[in-house]
2 protein chains.
Amino acid sequence: MKEYSILTAKEQKAYDFIVRYSKKYGKYPLLIEIAKGIDIKSKGVAHRYVKSLEKAGKISRFSNKHRGISIVEKKPIFLKSLGSIAAGGPIEAISDQQRIELEYLFTNKKSYALKVKGDSMIDAGIHDGDWVIIEESKKFYKSKVHVILIDNQDVTLKYIEKENSEEIKLIPANKSYKESTYPIERISIQGYVVGQVRIY
Amino acid sequence: MKEYSILTAKEQKAYDFIVRYSKKYGKYPLLIEIAKGIDIKSKGVAHRYVKSLEKAGKISRFSNKHRGISIVEKKPIFLKSLGSIAAGGPIEAISDQQRIELEYLFTNKKSYALKVKGDSMIDAGIHDGDWVIIEESKKFYKSKVHVILIDNQDVTLKYIEKENSEEIKLIPANKSYKESTYPIERISIQGYVVGQVRIY
DNA sequence: TCATATGAGAACTTTATGAGAACTTTATGA
DNA sequence: TCATAAAGTTCTCATAAAGTTCTCATATGA
């Protein structure tokens, strides 16, 4: 029995048929119709494919019901809007535009997430235990928080400034911490923070 | 058997073929197709390369499955490991468990998102422009940040304490702001903060 | 010479696919 | 309600194709 979600050729064909049928007739097909639709004669075999599709999460089924199939819609990451809560307060509902922005943050192939330890960036609103979303970059920007690899060994989150042609200054966002200066060759910029997430 | 991740010439050729094939056909190749693709005749040898690629972390496999190969993306949505970046720094990689937690945060049916205006909760790490994920609740908890509707009109984010049987105290997380007390009938608790997101 | 990389191909195991019988459950009409 | 037809479920049997493991063999460089 299958344990993964890659479909075989026939499973894919069966799935495609179910989608086509339901769009055309507004209802889901019988097993015997699926069998005919994928050029086989046995409804038992059709049933086997239907069970595989269920296991793969492509459809859901109501056991024993006639036409007891339904297609599973993929649910994207999205957030519901505010609904009944009145506007005008210190919070506002999220627009579709912002929703897309958020979706991008989590699906962008060039970014990855790191969990923060320590509080050296607390004044930038990045707390111990938060996650930061990093976009890869070799360059640095004055206003962004960067992921920096020091001596190919230690990783840290800091603001960056160019001290002179051979040195770089790393600036924490916490008054209890000091700035530090490193020669360029000891520093490797990994990327910068594009997002931050906290789970309570 | 190999213990390191440098590919031999033929392994690289096999990997390149798999990438090309999957882009061209939208599915992964059979062993015999890989063999042909790298100019050899033995599917047994192709299998040996495929196993090496798996060991090197370039692909993953579903044993015995036809076309049971898939290419490992270097940067999945939520990074599995830090790669060359050593541990011990102030950040750490995210585990699958945490990834599920995050996914839940955004797909949970009972929660919604609000955008924060103002800085009354800044000491709790909730800044102006952040989004907070709210889980609906009529009850309140001393340690949680709540969404509160006042006089059915104004919405605010505050900590809550019970002052006495008829009054409730709303506590901001910002020393510049004062606590305020309201009679219970003017207050409606909407939910509490379970997550927070910031886009830079 | 020894370890490694490479290749062929046989032998074996597992998967993918199909037919269809036998049985259970559902839908439906009298 | 109840009988019956229709649909869903489970099962065995079968076969081709694909994956896996293995031995044998050659070449090459340290």
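Because the structure is a prediction, the values reported are computed rather than measured.

Cut-off values and rules
Residues numbered from 1 in each chain as written. Chains lettered and ligands numbered in written order. Predicted model: local features only at pLDDT ≥ 70, side-chain atom pairs only at ≥ 80, totals over all residues. Heavy atoms only, no water. Helix = DSSP H or I, 4+ residues; strand = E, 2+ residues; numbered from the N terminus. Buried < 20%, exposed > 50% of the residue type's maximum accessible area, 1.4 Å probe, protein only. Contact = heavy atoms within 4.5 Å. Areas by Shrake-Rupley, 256 points an atom, 1.4 Å probe, with all protein chains shown as cover. Salt bridge = Lys/Arg side-chain N within 4 Å of Asp/Glu carboxyl O. Near = heavy atom within 4 Å. Polar contact = N/O pair within 3.5 Å; in protein donor to acceptor, adjacent residues only side chain to side chain. Nonpolar A, V, L, I, M, F, W, Y, C, P; charged D, E, K, R; others polar. Axes fitted to C-alpha atoms, helices over the stretch in contact; angles between N-to-C directions. Parallel < 35°, antiparallel > 145°, perpendicular 65-115°, else oblique. Phe/Tyr/Trp six-rings, centres within 6.5 Å; stacked < 30°, edge-to-face > 60°. Lys NZ or Arg CZ within 6 Å of the ring centre and 35° of its normal. Expected span 1.5 Å × (residues − 1). Arc of directions from axis to C-beta.

Caption draft 1: Here's a closer look at the overall build of chain A. What chain A contains, in helices and strands, is four helices and 10 strands. The secondary structure elements of chain A, listed N-terminal to C-terminal, are α-α-α-β-β-β-α-β-β-β-β-β-β-β. Taken over 200 residues, chain A has a buried fraction of 42%. Pairs at least 24 apart in sequence give 48% of the contacts found in chain A among residues at least 6 apart. Summing over all exposed atoms, chain A offers an accessible surface of approximately 11500 Å²; the carbon and sulfur share of this is 50%.

Caption draft 2: Representation of the pattern of salt bridges. Within the structure shown, the criterion is met by 10 salt bridges over all chains. Measuring nitrogen to oxygen at the nearest pair gives 3.1 Å for the salt bridge that ties Glu54(A) to Arg61(A). Between Asp39(B) and Lys13(B) there is a salt bridge, with the nearest N and O atoms lying 3.4 Å from each other. Of this pair, Asp39(B) sits in the loop between α2 (31-37) and α3 (43-55) while Lys13(B) sits in helix α1 (residues 9-25), and the two are 26 residues apart along the sequence. In this structure Asp39(B) comes out as exposed when scored by relative accessible area, which is 60%.

Caption draft 3: Geometry of the protein's contact with DNA strand C. What surrounds DNA strand C is a group of 30 residues, the closest being Thr8(A), Lys41(A), Lys10(B), Lys41(B) and Lys65(B). Counting only atoms of DNA strand C within 4 Å of the protein, the fraction found in sugar and phosphate groups is 61%. With respect to DNA strand C, the side chain of Arg48(A) contributes an N or O atom lying 2.7 Å from a base nitrogen. Note that a base nitrogen of DNA strand C is positioned 2.7 Å from one of the side-chain N or O atoms of Ser42(B). At the level of secondary structure, the elements contributing two or more residues to the surface near DNA strand C comprise α1 (9-25) and α3 (43-55) of chain A together with α1 and α3 of chain B. In terms of residue class, the surface near DNA strand C is built from 10 nonpolar, 10 polar and 10 charged.

Caption draft 4: Looking closely at the packing of α1(B) against α3(B). Residues and elements named next belong to chain B. At a minimum axis separation of 10 Å, α1 and α3 run at an interaxial angle of 85°. In this view, α1 runs roughly perpendicular relative to α3, as classed from their interaxial angle. Residue-level contacts link Lys10, Glu11, Ala14, Tyr15 and Ile18 of α1 to Tyr49, Ser52 and Leu53 of α3. In terms of residue class, the contact of α1 with α3 is built from five nonpolar, one polar and two charged.

Caption draft 5: Structural context of the protein's contact with DNA strand D. Looking at DNA strand D, there are 24 residues lining it, with His47(A), Asn64(A), Lys43(B), His47(B) and Asn64(B) nearest. At a separation of 2.9 Å, a phosphate oxygen of DNA strand D approaches a polar backbone atom of Leu31(A). Contact distances for DNA strand D include 2.8 Å between a base nitrogen and a side-chain N or O atom of Lys43(B). Residue assignment for the surface near DNA strand D shows that the elements contributing at least two residues are α3 of chain A together with α3 of chain B. Looking at side-chain class alone, the surface near DNA strand D contains four nonpolar, 10 polar and 10 charged residues.

Caption draft 6: Inspection of the packing of aromatic side chains at higher detail. Going through the model one piece at a time under the given rule, you end up with six aromatic pairs over all chains. Look at Tyr141(B) and Tyr192(B): their rings are 5.4 Å apart centre to centre, the planes differ by 85°, and that puts the pair in the edge-to-face class. Of this pair, Tyr141(B) sits in the loop between β5 (131-136) and β6 (145-150) while Tyr192(B) sits in strand β10 (residues 187-199), and the two are 51 residues apart along the sequence. Through successive ring pairs, a cluster of aromatic residues spans Phe17(A), Tyr21(A) and Tyr25(A). Lying over the aromatic face of Tyr141(A), Lys144(A) brings its terminal NZ or CZ to 5.8 Å of the ring centre.

Caption draft 7: α3(B), seen in detail. Residues and elements named next belong to chain B. Spanning 13 residues, α3 covers 18 Å between terminal C-alpha atoms, matching the ideal 18 Å at 1.5 Å per step. Among all positions of α3, only Ala46, Tyr49, Val50, Ser52 and Leu53 are buried. The buried residues of α3 all sit within an arc of 160° when viewed along its axis, so they share a single face. Each element contacted by the buried residues of α3 is listed here: α1, α2, β1 (59-61) and β2 (69-71).

Caption draft 8: A look at the side chain of Arg198(A). Mapping Arg198(A) onto the fold places it in strand β10 (residues 187-199). The class for Arg198(A) is buried, based on a relative accessible area of 7%. Within the structure, Arg198(A) has its side chain in polar contact with the backbone oxygen of Gly125(B) (distance 3.1 Å). Those residues in contact with Arg198(A) that lie beyond four places of it in its chain are Gly125(A), His127(A), Asp130(A), Ala124(B), Gly125(B), Ile126(B), Val194(B), Gly195(B), Gln196(B) and Arg198(B).

Caption draft 9: View of the environment of Ile18(A). All names here are of chain A. Considering the arrangement of structural elements, one finds Ile18 in helix α1. Residues Ile18 and Ile71, spaced 53 residues apart in sequence, show a C-alpha to C-alpha distance of 8.2 Å. Setting aside residues no more than four positions away along its own chain, Ile18 makes contact with Tyr28, Pro29, Ile34, Leu53, Ile69 and Ile71.

No statement about biological role is implied by the geometric values presented.
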